[in-house]
Amino acid sequence: MKQRIDYNNVVPAALNIMMEMEKYTKTTGIDRKLRELIKIRASQINGCAYCLNMHTDDARKMGETEQRIYCVSAWEECEFYTDAEKVALELTEYVTLISTKRIPEELYQRVRKHYDEKEYVDLILIINQINSWNRISIAMGNTATEK
């Protein structure tokens, strides 16, 4: 991986905080494959090739299908995502584009049909975490490299 600044060594305390949040998101009741789909979708929107490369690989290792990985950008048109997954992906888009989309009450209510209060908060934290990583990665000049 190429990067402008070795930010892990420049601000290790800050990156440790980010990693602690990452650890927390893995303890939530949100399905691990869905967590990866959320990370993929947000990274697509943000144009973060480094994170896309990482999270598509992670999703494959978890047993996610190529079909679901490839089609996540068109989730609305697919029958192979559950209603709960679809509403989580929609929420991902709205949070990622919050400056123009906000979170409509109607979307919040649809999310709550599938996720309780804690799960809603956990979804928001997962979405915000990947958006933070995307912004750090892009700003630091991280690039996807061939394996």
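Provided above is the structure to which this section pertains.
Keep in mind it's a predicted model, so treat the numbers as computed, not measured.

**Student:** I'd like a rundown of the layout of surface pockets, residues and numbers included.
**Tutor:** Looking at the largest pocket, its volume works out to about 240 Å³. Contributing to the lining of the largest pocket are 16 residues, with Tyr7, Met19, Tyr50, Met54 and Trp133 lying nearest its centre. Contributing elements (two or more residues each) for the lining of the largest pocket: α1 (7–10), α2 (12–27), α4 (49–61) and α9 (117–139). When its residues are assigned to classes, the lining of the largest pocket shows 9 nonpolar, 5 polar and 2 charged.

**Student:** Explain α2 to me, and be specific about the residues and the numbers.
**Tutor:** If you check α2, its first and last C-alpha atoms are 23 Å apart, about what 16 residues at 1.5 Å a residue would give, namely 22 Å. Among all positions in α2, only Leu15, Met18, Glu22 and Thr25 are buried. What you see down the axis of α2 is that its buried residues fit within an arc of 65 degrees, all on one side. Of the residues in α2, the exposed ones pointing more than 90 degrees away from the buried face are Ala13, Ile17, Lys23 and Thr27.

**Student:** Give a detailed account of the nonpolar core, specifying residues and quantitative values.
**Tutor:** The biggest cluster of nonpolar side chains holds 25 residues, and the ones touching the most others in it are Ile38, Leu91, Val111, Tyr115 and Leu123. Where this core is concerned, the elements lending two or more residues are α3 (32–46), α6 (83–96), α8 (105–112) and α9. By residue number, the principal contributor to this core is α6, which donates 6 residues. Those residues in contact with Ile38, other than ones at most four positions away along the chain, are Ala88, Leu89, Thr92, Leu123, Ile126, Ile127 and Ile130. Formed by 8 residues, the second largest nonpolar core is a distinct cluster that contains Leu15, Met18, Cys48 and Trp133.

**Student:** Can you lay out unusual backbone geometry for me, pointing to particular residues and giving the numbers?
**Tutor:** One non-glycine residue, Arg102, lies in the positive phi region at around 60 degrees. Structurally, Arg102 can be placed in the loop between α7 (98–101) and α8. Classification of Arg102 by relative accessible area gives exposed; the value is 55%.

**Student:** Report on α3, specifying residues and quantitative values.
**Tutor:** Counted at 1.5 Å a residue, the expected span for α3 with its 15 residues is 21 Å, and the 21 Å between its end C-alpha atoms agrees. Of all the 15 residues making up α3, 11 are buried; the element is thus mostly covered by neighbouring parts of the structure. All of the buried residues in α3 are Leu34, Arg35, Glu36, Leu37, Ile38, Lys39, Ile40, Arg41, Ala42, Ser43 and Asn46. Structurally, α3 contributes buried residues whose contacts are with α2, α4, α5 (66–71), α6 and α9. Gly47, located one to two residues past α3, shows a positive phi value of around 70 degrees.

**Student:** How would you explain the packing of aromatic side chains if you had to name every residue and give the values?
**Tutor:** Within the structure shown, the criterion is met by 2 aromatic pairs. Ring plane angle 50 degrees and centroid distance 5.1 Å describe the contact between Phe80 and Tyr81, whose orientation is recorded as tilted. Ring centres of Tyr108 and Tyr120 lie 4.9 Å apart, and the angle between their planes is 85 degrees; on these two criteria the pair is classed as edge-to-face. Of this pair, Tyr108 sits in helix α8 while Tyr120 sits in helix α9, and the two are 12 residues apart along the sequence. Given the relative accessible area of 24%, Tyr108 is considered partly exposed.

**Student:** Can you lay out the environment of Ser43 for me, pointing to particular residues and giving the numbers?
**Tutor:** Note on placement: Ser43 falls in helix α3. Sequence separation of Ser43 and Asn131 is 88 residues, and the distance between their C-alpha atoms is 7.4 Å. For Ser43, the contacting residues outside a window of four places in its chain are Cys48, Cys51, Leu52, Ile130 and Asn134. Within the structure, the side chain of Ser43 is placed 2.7 Å from the backbone oxygen of Lys39, a separation counted as a polar contact.

Cut-offs applied
- Residues numbered from 1 in each chain as written.
- Predicted model: local features only at pLDDT ≥ 70, side-chain atom pairs only at ≥ 80, totals over all residues.
- Heavy atoms only, no water.
- 1 Å grid on protein atoms, 1.4 Å probe; cavity = no way out; pocket = protein on both sides within 12 Å on 5 of 7 lines; lining within 4 Å.
- Points joined across faces, edges and corners; volume = space filled by probe spheres on them.
- Helix = DSSP H or I, 4+ residues; strand = E, 2+ residues; numbered from the N terminus.
- Nonpolar A, V, L, I, M, F, W, Y, C, P; charged D, E, K, R; others polar.
- Expected span 1.5 Å × (residues − 1).
- Buried < 20%, exposed > 50% of the residue type's maximum accessible area, 1.4 Å probe, protein only.
- Arc of directions from axis to C-beta.
- Core = buried A, V, L, I, M, F, W, Y, C linked by side-chain atoms within 4.5 Å.
- Contact = heavy atoms within 4.5 Å.
- Phe/Tyr/Trp six-rings, centres within 6.5 Å; stacked < 30°, edge-to-face > 60°.
- Polar contact = N/O pair within 3.5 Å; in protein donor to acceptor, adjacent residues only side chain to side chain.

These figures come from the coordinates and say nothing about function on their own.
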